[in-house]
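Notes for the structure review
So the chains spell out like this:
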Amino acid sequence: MIRQCNTTAAPPADRDADRQDLGIQSLRSDQVFASMPQYLVERDASRCIRCLVCVRQCPYEATFYDAQTNEVTNRHQNCVMCRRCEAMCPTNCIQIRQFGSGFRANEHWKEKHIRGIYKQADTGGVLLTGSGNDQYYNTYFDRMVIDASQVTNPSIDPLREPMELRTFIGRKPERYDPAKGGNGQAKEYPNIACDLPIIFAPMSFGSISYNLQHGLAIAAGKLGTYFNTGEGGLHPNFHQYSKRAIVQVASGRFGVSAEYLRSAAAAEIKIGQGAKPGIGGHLPGEKVTAEISRTRMIPEGSDAISPAPQHDIYSIEDLRLLIYAIKEATEYTIPVSVKIAAVHNVAAIASGIVRAGADIVVVDGFRGGTGAAPAIIRDHVGIPVEVALAAVDQRLRDEGIRHCASIIGAGGFRSSADIVKAIALGADAVYIGTAVLLSVGCTLCQQCHRGKCSWGITTNRADLLPRLPADVAAERVMNLLHAWSHEIKEMLGLMGLNSLESLRGNRLKLRAVGMTDEEARILGIKHAGEA
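Residues numbered from 1 in each chain as written. Predicted model: local features only at pLDDT ≥ 70, side-chain atom pairs only at ≥ 80, totals over all residues. Heavy atoms only, no water.

**A closer look at the packing of helix α12 (residues 416-425) against helix α14 (residues 470-494)**
- At a minimum axis distance of 9 Å, the contact between α12 and α14 shows a crossing angle of 50°. Taken together, the axes of α12 and α14 lie oblique to each other. Crossing angle aside, the handedness with which α12 passes α14 is right-handed. Between α12, through S416, A417, I419 and V420, and α14, the contact on the second element is made entirely by W484, E487, I488 and M491.
- Residues that form the contact of α12 with α14 fall into these classes: six nonpolar, one polar and one charged. (Axes fitted to C-alpha atoms, helices over the stretch in contact; angles between N-to-C directions. Helix = DSSP H or I, 4+ residues; strand = E, 2+ residues; numbered from the N terminus. Parallel < 35°, antiparallel > 145°, perpendicular 65-115°, else oblique. Left-handed = near helix turned anticlockwise from the far one by under 90°. Contact = heavy atoms within 4.5 Å. Nonpolar A, V, L, I, M, F, W, Y, C, P; charged D, E, K, R; others polar.)

Printed below as a string of structure tokens:
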């Protein structure tokens, strides 16, 4: 027997009444994405003492206290998994995990794609994110191993013999005549001396907090390295650290003046950034406080937008004009750097930059971090820094101009081993950014652009800023670099080397594991087991 269906639709009013009786709620279009939380905040009620620390610590409005029921509740949709509440809970009663069972498994439509479409359908906007590329791409550092000395070339014990980590960044003379001494050259070039081959990456005041930039300035001075102001200018309070500052000249020219340039240890022209090659910078207006406004010389609360190109640079010849304008403004007393993103023809671009007069070339790979970038660009544009470093170093050597500029690698250095491999591929030094943020408590929640960082790292909100004191930031960063310096010395020693200079561009110290012949050829290294 076939059951007949009633095809007569109930009146809308009756239908709504029936749904209310059944407790069914229709979702408005603007609630669709919000109805699909990504994270679930679990709280053990038996251990919760209602201290409300989690309520006070959450800047994303994900945790609330209901005085009538004496319960702490959560709006899971707002949780970004910054883990601040977990860390601060005195009874350890909070755990954050993935919400529900996720989406139906689909090898083509991943959860990230589905959530992105839902959110864009809700808002009609570009998806912004912070931090670096988190997609699955091969990391060549993980497929390279380091050589070690054995019998014929014995290793060196760094505890008993001196190891030289100091490196000089800048243009070098073509040749040196020891008979004439240090002043024997017809022309000397300004260099910056780094006591270790690690420099703090460009992170502007605004993209990071005042306290963190202050902490980096303190750490740079004590470690004998440098911090980079990024494109946000140098706060007046930090002028006392200016001789440890690399100041940046970006397309927005924020905070740039003759005094700004002359007070620094080096100046850097920003052409591109690894996290967003080919587009400009953007600091949202809600992050532009009065202090940031004064430093960047822009109106408070206005978006700080750097155009994609520098509008006075459309050729290598135009770049040369700016390089020498900065050199003239600083009376040729500081080196001038040019920062580019790692892209497919990076070697040819770097060659042109060196010939234009740059003393330093910064190559920023696609794992490089950012305070704010469109997710679609961060995740799909650029090339790995490993490949770019090898290509640039080899091109400059082939053209006989390697001595004309130092190379700084940037973009996703996670450990001292990555740094050693980068130097062997051709870098003189490296920038680290995300590793610095992690050392002071970052949990990579990728919400840097919102100005609500619960750890006080990427925010200048008055209530959040004290969460990261400058002295604490400096101490933790110094601890990290002290540890990495010891590890670099150990790795130099086991290779039978006693200085970074002996490692720079020495690709014989690297071997490929699990690479194709073409990948190994591009990197300029041999396969493991190959003599």
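**A word on the side chain of E86**
- Here E86 is to be found in helix α3 (residues 84-88).
- Within the local environment of E86, its side chain forms a polar contact with the backbone nitrogen of I96, the two atoms lying 2.7 Å apart. (Polar contact = N/O pair within 3.5 Å; in protein donor to acceptor, adjacent residues only side chain to side chain.)

**So, helix α11 (residues 385-398)**
- The end-to-end C-alpha separation of α11 is 20 Å, in line with the 20 Å expected for 14 residues at 1.5 Å each.
- Listed in full, the buried residues belonging to α11 are V385, E386, V387, A388, L389, A390, V392, D393 and L396.
- For α11, the secondary structure elements touched by its buried residues are β6 (144-146), α9 (346-355), β16 (360-364), β18 (406-410), α12 and α16 (517-523).
- Positive phi appears at G400, one or two residues downstream of α11, with a value of about 70°. (Expected span 1.5 Å × (residues − 1). Buried < 20%, exposed > 50% of the residue type's maximum accessible area, 1.4 Å probe, protein only.)

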